[in-house]
Amino acid sequence: MESVIRTENLTHVYSRGTPFEKTAIHDVSVEIHPGELVAVIGHTGSGKSTFMQHLNGLLRPDSGSVYVDGEDIFASKEATRDVRFKVGLVFQYPEYQLFEETVYRDISFGPRNMKLSESERDERVREAARLTGVGEELFERSPLELSGGQKRRVAIAGVMAMRPRVLILDEPTAGLDPAGCAGVIRNITDYREETGSTVLLVTHSMDDAAKIAGRLIVFHEGTIAMDGTPDEVFSRQRELVEMGLDVPQSAAIADALRARGVALPASIYTSRSLREAVLDLAGGVAPC
Amino acid sequence: MPKQPIIEIEDLHFTYPGDSAETLRGLNLSIEEGSFAAVLGHNGSGKSTLAKLLNAILLPTSGKIYVCGRDTSDEEHLLDLRRSIGLVFQNPDNQIVANVVEDDVAFAPENLGVEPQEIRRRVDEALKTVGMYEYRLHAPHLLSGGQKQRVAIAGALAMQPRVLVLDEPTAMLDPLGRREVISTVTRLCREQGMTVVLITHHMSECVGADRLIALSDGTVTADGTPREVFSQVELLRGEGLTAPATVRLLYALRKAGFDVPLDALSVDECADAVAGLLRRAGRL
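For clarity, every value in this text was computed on a predicted model and none was experimentally measured.

### A short note on the pattern of salt bridges
Two side chains with opposite charge may pair up if their charged atoms get near one another.
Residue and element names in this part refer to chain A.
Here is step 1 of the chain: Overall, the coordinates contain 33 salt bridges over all chains when judged by the stated rule.
Here is step 2 of the chain: For D69, the salt bridge is made with R165, and the minimal N-O distance between the two is 2.5 Å. Residue D69 is located in the loop between β4 (63-68) and β5 (71-72), and its partner R165 is located in the loop between α6 (148-160) and β7 (166-170); the two are separated by 96 residues in the primary sequence.
Here is step 3 of the chain: Residue class for D69 comes out partly exposed when judged on its relative accessible area of 32%.
Here is step 4 of the chain: Here R163 makes a salt bridge to E123, at a shortest N to O gap of 3.1 Å. Remark: E123 occurs in helix α5 (residues 118-131) and R163 occurs in the loop between α6 and β7; sequence separation between them is 40 residues.

Next comes the structure, spelled out in structure tokens:
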């Protein structure tokens, strides 16, 4: 399959030539295919955010290349500029970057920069607002008056409104309560289903990753330590824990049950699959 | 010997100026000295407002709060009150003021006019308590989130408070940082008898608490040991909170008619309960 993003031997060193010199990522080669939903995991300092910031040209690699739709994004100034519209990046705590006077103007900032016609802009703002559950009654409000969860969704809508081919979100649920997390995760899966876009999600939440991603990439000490389906990655629980990462709680329970001789299938990491497997095993028991 | 309450809240109401709705609606709570209490609630439940009321950053609209026997509305004792309660907030970057870790920890005692030698002793002790002594000469901005938050805790400890209130101290941290912070405050409570009030929406952080208080729309909806509260799956769900995966699995089994306990919180306890069920049923 054609890849939408491809990196070749990507290496980035911070503060080169100073006592603080630090290799953030080293020799990272990876391919992302159109329509994939990939969760990128790793603890703080593992290089995952540095990696992500190369994908839309925000950081320049010290060596190696990034190709989006087969084009080297650092080949020319124009290519680097164009990639910003193709690959949309939602930063951590994006609500700190809301700055316009109204919600509508904030969401339309990206489309305005793309020099789209007014009607096209309007259509995109409304679509992005719908996908993120931002009601049109909020359009004329100041973004600063909204609740934390609403602000977060407005900020995400602003990037979605550019209709990027690839949407990258850096810890989009950080700091939200469980209901807020579930809402944002639903927004992301809805967006992907409706637009068929590729989505890369940086997250600490193994439960989110287990629930929605088809592929997991685990960063550790600046390189990709694991890359595979949730089944493949979560079957390596011990290694994940050694890297300072969590495993989904349901996967840990399944593992503990196996240790007690319960014959559970290998691919259990969500609460639903665990529930179904256990109920299935207990199935013939007469209810008490 | 029955323990003394260190925090007493009597029919507390609070409304933000200009708001029509009450944020806290008639709270009654009493927290024992030396205990570890977790306050759980979704965004907007009033839990951060409560933290600010405890430290008299906000004052009750009606009702009373007593900390160490002192009314928080009593302006005369405001300074004493603030000395007896250490507060740690969500974002470590907003709480660190100095360029060197030990200067940051010394900030509060310096402001309180503590003798230099005593400051030195308190700073060293506080940094050792949170496991950051080796970093005392480092620059705070180069530390990890969990380390920064431990420095913030040390800063609060240097005031020698009797109560430590933490408002979502792990919200911006990764799993490793979260574990560092939670194990630090648990140790403070268990080994040094510090009263800890941990405000959070992470269920997993409440498991080690003595007491769990669930707050929703400004009132207490559940109050008990973590075991007692977590087994109320339906209630938690109604409040936009989720019970741990262990309890959810046991709950599903119960609903299907199986006899399992609901309060097996840890992974091992849960696995024991489920394996026991299968064994009794001759499936294992």
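### Quick word on the sheet that holds strand β9 (residues 215-220) of chain A
All names here are of chain A.
Here is step 1 of the chain: Pairing is mixed across the open sheet formed by six strands, whose spatial order is β6-β7-β8-β3-β9-β10. Unpaired on one side and paired on the other, β6 (87-90) and β10 (223-228) mark the two borders of the sheet. Going across the sheet, the axis of each strand differs from the next one's by a mean of 15 degrees, ignoring polarity.
Here is step 2 of the chain: Contacting β6 and β7, helix α2 (residues 77-86) crosses the sheet at an angle of about 65 degrees to β6.

### Notes on the domain arrangement of chain B
Residues and elements named next belong to chain B.
Here is step 1 of the chain: The domain boundaries assigned to chain B delineate domain 1 (5-235) and domain 2 (244-284).
Here is step 2 of the chain: Between the C-alpha centres of domain 1 and domain 2 the distance comes to 35 Å.
Here is step 3 of the chain: Domain 1 puts seven residues into the contact, and the matching count from domain 2 is nine residues.
Here is step 4 of the chain: Between domain 1 and domain 2 the total buried area reaches about 770 Å² when both faces are included, carbon and sulfur atoms providing 70% of it.
Here is step 5 of the chain: Summed over the three residues of domain 1 that lose the most area to domain 2, namely R227, F230 and V233, the buried surface amounts to 61% of that side.
Here is step 6 of the chain: Where domain 1 packs against domain 2, one counts one salt bridge.
Here is step 7 of the chain: A salt bridge links E269 to R227, with the nearest nitrogen and oxygen atoms 3.1 Å apart.

### Some points on helix α1 (residues 47-54) of chain B
Residue and element names in this part refer to chain B.
Here is step 1 of the chain: With six of its eight residues buried, α1 lies for the most part within the structure.
Here is step 2 of the chain: Along α1, the residues that are buried comprise K47, T49, L50, A51, L53 and L54.
Here is step 3 of the chain: Of the residues trailing α1, A56 is marked for its positive phi of about 60 degrees.

### Things to note about unusual backbone geometry
Negative phi characterises most residues that are not glycine, and trans characterises most peptide bonds.
Here is step 1 of the chain: Residue Y93(A) is not a glycine yet carries a positive backbone phi of 45 degrees.
Here is step 2 of the chain: Checked against the element boundaries, Y93(A) lands in the loop between β6 and α3 (103-107).
Here is step 3 of the chain: Judged by relative accessible area, Y93(A) falls into the buried class, the value being 10%.
Here is step 4 of the chain: Residues other than glycine seldom take positive phi values, yet Q160(B) does so here, at roughly 55 degrees.
Here is step 5 of the chain: Structurally, the position occupied by Q160(B) is in the loop between α5 (145-157) and β7 (163-167).

### Brief notes about the environment of L87(B)
Residues and elements named next belong to chain B.
Here is step 1 of the chain: Among the secondary structure elements, L87 is positioned in strand β6 (residues 85-88).
Here is step 2 of the chain: Judged by its relative accessible area of 15%, L87 falls in the buried class.
Here is step 3 of the chain: L87 sits 82 residues away from P169 along the chain, and the two C-alpha atoms are 10.0 Å apart.
Here is step 4 of the chain: Ignoring any residue separated from it by four or fewer positions in sequence, one finds L87 in contact with A51, N55, I57, Q95, A156 and V165.

### What about the interface of chain B and chain A?
Here is step 1 of the chain: Across the boundary between the two partners, chain B contributes 38 residues, which contact 34 residues of chain A.
Here is step 2 of the chain: Put simply, chain B and chain A have three salt bridges between them.
Here is step 3 of the chain: The salt bridge involving R260(A) is made with D272(B); its shortest N-O contact spans 2.6 Å.
Here is step 4 of the chain: Taken together, chain B and chain A are joined by six residue pairs in polar contact (both at pLDDT 80 or more).

### Re the packing of aromatic side chains
Residues and elements named next belong to chain A.
Here is step 1 of the chain: The tally for this structure, following the rule as stated, stands at six aromatic pairs over all chains.
Here is step 2 of the chain: When the centroid spacing of 5.8 Å and the interplanar angle of 15 degrees are considered together, the rings of Y93 and Y96 count as stacked.
Here is step 3 of the chain: Using a relative accessible area of 60% as the deciding quantity, one classes Y96 as exposed.
Here is step 4 of the chain: Aromatic pair Y104 and F139: ring centres 5.4 Å apart, planes at 65 degrees, arrangement edge-to-face. Here the residue Y104 occupies a position in helix α3, and F139 occupies one in the loop between α5 and α6, the gap between them amounting to 35 residues.
Here is step 5 of the chain: Above the ring of Y67, the side-chain terminus of R6 is found at 4.4 Å from the ring centroid.
Here is step 6 of the chain: Taking the ring centre of Y93 as reference, the NZ or CZ of R152 above it sits at 5.4 Å.

Each value, and the rule that gives it
- Residues numbered from 1 in each chain as written.
- Chains lettered and ligands numbered in written order.
- Predicted model: local features only at pLDDT ≥ 70, side-chain atom pairs only at ≥ 80, totals over all residues.
- Heavy atoms only, no water.
- Salt bridge = Lys/Arg side-chain N within 4 Å of Asp/Glu carboxyl O.
- Helix = DSSP H or I, 4+ residues; strand = E, 2+ residues; numbered from the N terminus.
- Buried < 20%, exposed > 50% of the residue type's maximum accessible area, 1.4 Å probe, protein only.
- Pairing = 2+ DSSP bridges.
- Axes fitted to C-alpha atoms, helices over the stretch in contact; angles between N-to-C directions.
- Contact = heavy atoms within 4.5 Å.
- Domains from an automatic or database assignment.
- Buried area = accessible area lost by both parts, 1.4 Å probe.
- Polar contact = N/O pair within 3.5 Å; in protein donor to acceptor, adjacent residues only side chain to side chain.
- Phe/Tyr/Trp six-rings, centres within 6.5 Å; stacked < 30°, edge-to-face > 60°.
- Lys NZ or Arg CZ within 6 Å of the ring centre and 35° of its normal.

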